[in-house]
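Descriptive structure summary
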Amino acid sequence: MTRVRRPAVAGLFYPGNSKELKRVIETFLDNTQTTPGNPPKALIVPHAGYIYSGAVAASAYVLLKPLASTIKRVILLGPSHRVPLRGLALPEADVFASPLGEVALETETMTALHKFPQITTNDAAHAAEHSLEVHLPFLQTLLSDFSLIPLVVGETTPEQVAEVLEVLWGGEETLIVVSTDLSHYNDYQTAQRMDAETSEAIKALRYNDLAHDQACGRNPVRGLLYAAGKHNMTLDILDLRNSGDTAGARDQVVGYGAYVLH
């Protein structure tokens, strides 16, 4: 019997109706100002409700348009918001579902990852977690056919995350997506200053310069930046805004950034 991880935030963070969801995503992609460049190996993208961060995420995802038939597997990492967690957690599932359909998980590869002591299986960490789920519809819209390895990341070191990424790295068929928002609930000017500093650290691959109040997905981001340094990658900032720019008041905002690694 196929084990399905059902969507937990459809109708809340993004439209629950498949036609409306497709329309919203395509509108975001059509309106992005991103200039096409080298094919991405990894993206760092935000995970708030689409009304807040969807346009920022689209500025990175639009780069996948020419790669629809090239990318066959996606490694998706995001922070744990609801369950205290150490290490990196896989789900007890065979597929992840969204209103746009189901995506098969690489269960054989996931089983092999248990050779790492920092890898666990924790279904509770995945059940209500939005940091991974909100990216599925973008990936399903842009890629023709792909498998998924979803990892919720708790307290861990950059080296432990990078160690796992290294065995999953692959070639042009493999895309790494790391999910994070930036600063939380500061006033607009403070958020702009903090998020600009965070983005400069990210651009320079300075993984040790990221603090918890700068990015909720600090741990997976730090791991990716550590690995990126080992692979001599370059990183570009594609978009940097906050909820005061997109769909909210400016007294308490959340920051969003989109980045691409080549």
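Right above here is the structure, for reference.
Anyway, here's the lowdown on the structure attached to this text. (Residues numbered from 1 in each chain as written. Predicted model: local features only at pLDDT ≥ 70, side-chain atom pairs only at ≥ 80, totals over all residues. Heavy atoms only, no water.)

Thoughts on helix H1 (residues 18-31)
When the terminal C-alpha atoms of H1 are compared, their 20 Å separation across 14 residues agrees well with the 20 Å that a helix rising 1.5 Å per residue should span. Turning to H1, its buried residues number three or more, namely Leu 21, Val 24, Ile 25, Phe 28 and Leu 29. All buried residues of H1 project into a common sector of 130° when viewed along the axis, lining one side. Every exposed residue of H1 that faces more than 90 degrees away from the buried side is listed here: Lys 19, Asp 30 and Asn 31. (Helix = DSSP H or I, 4+ residues; strand = E, 2+ residues; numbered from the N terminus. Expected span 1.5 Å × (residues − 1). Buried < 20%, exposed > 50% of the residue type's maximum accessible area, 1.4 Å probe, protein only. Arc of directions from axis to C-beta.)

A word on the pairing of strand E5 (residues 95-98)
A two-sided burial pattern is seen for E5, the buried positions comprising Val 95 and Ala 97 on one face and Phe 96 and Ser 98 on the other. With two bridges connecting them, strand E1 (residues 4-5) and E5 associate as parallel partners. Residue Val 4 lies in a different strand from E5, and its bridge partner there is Val 95. By the bridge criterion, four bridges tie E5 to strand E6 (residues 101-104) in an arrangement that is antiparallel. (Pairing = 2+ DSSP bridges.)

What to know about the environment of Ala 128
Mapping Ala 128 onto the fold places it in the loop between helix H4 (123-127) and helix H5 (130-133). Using a relative accessible area of 30% as the deciding quantity, one classes Ala 128 as partly exposed. The spatial distance from the C-alpha of Ala 128 to the C-alpha of Ala 8 is 5.4 Å, given a sequence separation of 120 residues. Apart from the residues within four sequence positions on either side, Ala 128 is in contact with Arg 5, Ala 8 and Arg 82. (Contact = heavy atoms within 4.5 Å.)

A few points about the side chain of His 126
With respect to the element layout, His 126 can be found in helix H4. Contact partners of His 126, with chain neighbours within four places excluded, come to Arg 5, Ala 89, Leu 90, Pro 91, Phe 96, Leu 132, Pro 150, Leu 151 and Val 152.

Observations regarding the packing of H1 against helix H2 (residues 50-61)
Following both chains from N to C, one finds H1 and H2 inclined at 55°, their axes separated by 8 Å at the closest point. With respect to H2, the element H1 is oriented oblique. Here H1 and H2 pass one another in a crossing that is right-handed. From H1, Leu 21, Val 24, Ile 25, Phe 28 and Leu 29 reach across to H2, where they touch Tyr 50, Gly 54, Ala 55, Ala 58 and Tyr 61. When the residues that make up the contact of H1 with H2 are grouped by side-chain class, the tally is nine nonpolar, one polar and no charged. (Axes fitted to C-alpha atoms, helices over the stretch in contact; angles between N-to-C directions. Parallel < 35°, antiparallel > 145°, perpendicular 65-115°, else oblique. Left-handed = near helix turned anticlockwise from the far one by under 90°. Nonpolar A, V, L, I, M, F, W, Y, C, P; charged D, E, K, R; others polar.)

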